[in-house]
Amino acid sequence: MQQETESTGRKGQGSQDHHMKILTIVGARPNFMKVAPIIAAINKHNDRIAAGAAGQSESSTEMIQHILVHTGQHYDELMSGSFFNDLNLPKPDVHLGVGSGSHAAQTAEIMKKFEGVILAEKPDVVVVVGDVNSTIGCALVTSKISFDSSGSRPLIAHVESGLRSFDRSMPEEINRIVTDHVSDLLFVTEESGIRNLSKEGVSLDRVHLVGNTMIDSLLTFKDKAEESTVCEKLGLRTGSGKNGDSNSIRPYALLTLHRPSNVDTRDGFLSILAGLEELAKDFPVVFPVHPRTRQRIKEFGLDFHAGPHAAKSNGDRKIPGNHGAGIMLTDPLGYLDFLCLMKHAAIVVTDSGGIQEETTCLGIPCVTVRENTERPVTVESGTNVVAGTKKEKVREAIRRQLRRKSSAAMPKNWDGKAAARIVEILIQTHCSRNPSHQPLIPLSCV
Ligand code: UD1
């Protein structure tokens, strides 16, 4: 990393006082659970410094100052606000209020507004996570910013780096590639990330296999999720057992679909739904509906029949089946409710990236309705099958997964400590760029 700093001719500038200043970006729903553990690890570091260094004159200069920026890419209470409560995230220090738009308009708006923030805050490090438009927008701005005539700029740290679907028609794939190539520190979640970055010529001294901060969140909140009453609300509880007692919960499947490639054409969307027909005859299929998907259901006039707990205001309908099963539409769910539903599901069918990883960690069979995955570890050692989107393939994959004996190996470093590793590397890298700053805590502390 020191080499990289020298080769770019840039020295860390950042805050004018002696605090190391880290600015973290969130924008869209999948960002919140990836960032929460990083903020918690920073707080823990600061607490340790405060406790250990009480009475020592230098302690105040060794804290990390953290700024949370929300771009506003997602803005609904159900897509954003509720996650701040569930994950104990602090209120954003800065909200850019960008909102929806075409990719170009949304990304451009993020970039225009973020430039002012970074110039005002002058952080030492900008942390971006995942592959959404907020990620690429803020990484790109940071890579070209200049705080002074020598071209000082913050370090760019990309969390969840190196994932590749090798499908450039996916907007996220472009976001991943560009973000990785302008980043200084690349934190990867699985070994495929190291291979991919190496093939693209990225110097491996910038790449760190730290684990998965989304899994940090899952492990932190797994037990708390049992307090959710979502199973009762959806009529899935059969007995009077406690929430954590799976025996008192009726078997059900969980479905999410939001990718434009899956829901933006009527035929494509219907093909996936047809692949689910058999499943929906045997199990209630709980389907929390993303706003984009909600819009398409309306536009295409898809006919679901009203379920008892569907989002009534939207006139949702559920497809009838035997035993009172069918597809049960709900509004988007909060983090803890969704985690509770994943934990107890017989099977999860999804086109999300993160859910493939979460089900691997929970040992729940997952069918991914996409042609590829950027997260191969979930297939190689996890619980995931990539089915494609054709009716027969989806149906066959579901059958296979329902017969599956639970067997999953936890990928390397998915142990709840990814965020602590990241914060440690950020501190060490910052100190090596700024020799007057000594490492704030010894490596062994993390
Ligand atoms: C974005 C990410 C995607 C991620 C997904 C999770 C990009 C390129 N895509 O896709 O990788 O898997 O988030 O949800 O960044 N909308 C609302 N309320 C909101 C947010 C969005 O109604 O709070 C509606 C708007 O009509 C908007 C549409 O959803 O146009 C899509 O939102 P957008 O942020 O453009 O992308 P997502 O499809 O959510």
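Read on for a plain summary of the structure. Because the structure is predicted, anything quoted here is derived from the model rather than measured.

Quick look at the sheet that holds strand E9 (residues 284-288) now. A sheet is described by the order of its strands in space; here 6 strands give the open sequence E10-E9-E8-E11-E12-E13, paired in parallel fashion. Lying at the two open borders of the sheet, with one neighbouring strand each, are strand E10 (326-330) and strand E13 (384-386). Averaged over all neighbouring strand pairs, the angle between strand axes comes to 20°, with direction disregarded. In this sheet, strand E12 (residues 366-368) lies alongside strand E11 (residues 347-350) in parallel orientation, the contact comprising 3 bridges. In the sheet register, Val-348 faces E12, and the bridge partner there is Cys-366. Sheet strands in contact with helix H14 (residues 335-344) are strand E8 (253-256), E9 and E11, and its direction is about 130° off that of E8.

Attention shifts here to the environment of His-74. Within the secondary structure layout, His-74 lies in the loop between strand E2 (64-70) and helix H3 (77-86). Here His-74 falls in the buried class, since its relative accessible area comes to 17%. On a C-alpha basis, the gap between His-74 and Gly-97 in space is 9.0 Å, while along the polypeptide they are 23 residues apart. Residue contacts for His-74: discarding those within four places in its chain leaves Gly-27, Ala-28, Arg-29, Met-79 and Ser-80.

Mapped onto the elements of the fold, Ile-194 is located in helix H7 (residues 191-199). Through-space distance from the C-alpha of Ile-194 to that of Leu-204 is 7.6 Å; in sequence the pair is 10 residues apart. With residues up to four places along the chain from it excluded, the contact list for Ile-194 reads Val-188, Leu-204, Val-207 and Leu-209.

Moving on, we come to the site of the ligand. If you check the shell around the ligand, you find 19 residues, and the closest are Gln-73, His-74, Glu-172, His-258 and His-290. Asn-133 places a polar main-chain atom, nitrogen or oxygen, 2.9 Å from an oxygen atom of the ligand. With respect to the ligand, the side chain of His-290 contributes an N or O atom lying 2.8 Å from an oxygen atom. For the ligand, whose unbound accessible area comes to 740 Å², protein coverage reaches 85%. A majority-of-atoms criterion places the ligand in the largest pocket. Those elements giving two or more residues to the shell around the ligand turn out to be helix H4 (103-121), helix H6 (171-182) and helix H13 (291-300). Here the shell around the ligand is built from residues that sort into 5 nonpolar, 9 polar and 5 charged.

Turning our eyes to something else, we now look at the pairing of E8. Burial of the side chains of E8 extends over both faces: Ala-253 and Leu-255 are buried on one face and Leu-254 and Thr-256 on the other. In terms of strand pairing, E8 meets E9 through 2 bridges, oriented parallel. Within E9, the position partnered with Ala-253 by the bridge is Val-285. Relative to E11, E8 runs parallel, the two sharing 4 bridges.

With that settled, consider the pattern of salt bridges. One pass over the structure, following the stated rule, counts 24 salt bridges. The residue Asp-331 makes a salt bridge to Arg-294 at a minimum N-O spacing of 3.2 Å. Of this pair, Asp-331 sits in the loop between E10 and H14 while Arg-294 sits in helix H13; the two residues are 37 residues apart in sequence, bridging distant segments of the chain. For Arg-294, a relative accessible area of 16% gives the class buried. Linked by salt bridges that have partners in common, Lys-34, Asp-131, Glu-160, Glu-173, Arg-176, Glu-357, Arg-370, Glu-374 and Arg-375 make up one network.

Here we take up the packing of aromatic side chains. Inspection of every chain in the model, using the stated rule, returns 3 aromatic pairs. An angle of 85° between the planes, with centres 6.0 Å apart, marks the rings of Phe-221 and Tyr-335 as edge-to-face. In this pair, Phe-221 sits in helix H8 (residues 213-221) while Tyr-335 sits in helix H14, placing the two residues 114 residues apart along the sequence. By relative accessible area, Tyr-335 is classed as buried at 4%. Every member of this aromatic cluster is reached through a ring pair, and the members are Phe-32, Phe-83 and Phe-84.

On to the layout of surface pockets, then. Roughly 1,200 Å³ of volume is contained in the largest pocket. Taken together, 45 residues form the lining of the largest pocket, with Pro-30, His-74, Met-79, His-258 and His-290 sitting closest to its centre. When contributions to the lining of the largest pocket are tallied by element, the ones reaching two or more residues are helix H2 (29-52), H3, H4, H6, H13, H14 and helix H15 (354-362). Of the residues that constitute the lining of the largest pocket, the class distribution is 21 nonpolar, 15 polar and 9 charged.

With that out of the way, let us pick up the packing of helix H5 (residues 133-144) against H6. The geometry of H5 relative to H6 is characterised by a closest axis approach of 9 Å and an angle of 25° between their N-to-C directions. When the axis of H5 is compared with that of H6, the two are roughly parallel. Crossing angle aside, the handedness with which H5 passes H6 is left-handed. Taking contact as the criterion, the partners of Asn-133, Thr-135, Ile-136, Ala-139, Leu-140 and Ser-143 in H5 are, on H6, Ile-174, Asn-175, Val-178, Thr-179 and Val-182.

Criteria and thresholds
Residues numbered from 1 in each chain as written. Predicted model: local features only at pLDDT ≥ 70, side-chain atom pairs only at ≥ 80, totals over all residues. Heavy atoms only, no water. Pairing = 2+ DSSP bridges. Helix = DSSP H or I, 4+ residues; strand = E, 2+ residues; numbered from the N terminus. Axes fitted to C-alpha atoms, helices over the stretch in contact; angles between N-to-C directions. Contact = heavy atoms within 4.5 Å. Buried < 20%, exposed > 50% of the residue type's maximum accessible area, 1.4 Å probe, protein only. Near = heavy atom within 4 Å. Polar contact = N/O pair within 3.5 Å; in protein donor to acceptor, adjacent residues only side chain to side chain. Areas by Shrake-Rupley, 256 points an atom, 1.4 Å probe, with all protein chains shown as cover. 1 Å grid on protein atoms, 1.4 Å probe; cavity = no way out; pocket = protein on both sides within 12 Å on 5 of 7 lines; lining within 4 Å. Sits in = over half its atoms within 2 Å of the grid points. Nonpolar A, V, L, I, M, F, W, Y, C, P; charged D, E, K, R; others polar. Salt bridge = Lys/Arg side-chain N within 4 Å of Asp/Glu carboxyl O. Phe/Tyr/Trp six-rings, centres within 6.5 Å; stacked < 30°, edge-to-face > 60°. Points joined across faces, edges and corners; volume = space filled by probe spheres on them. Parallel < 35°, antiparallel > 145°, perpendicular 65-115°, else oblique. Left-handed = near helix turned anticlockwise from the far one by under 90°.

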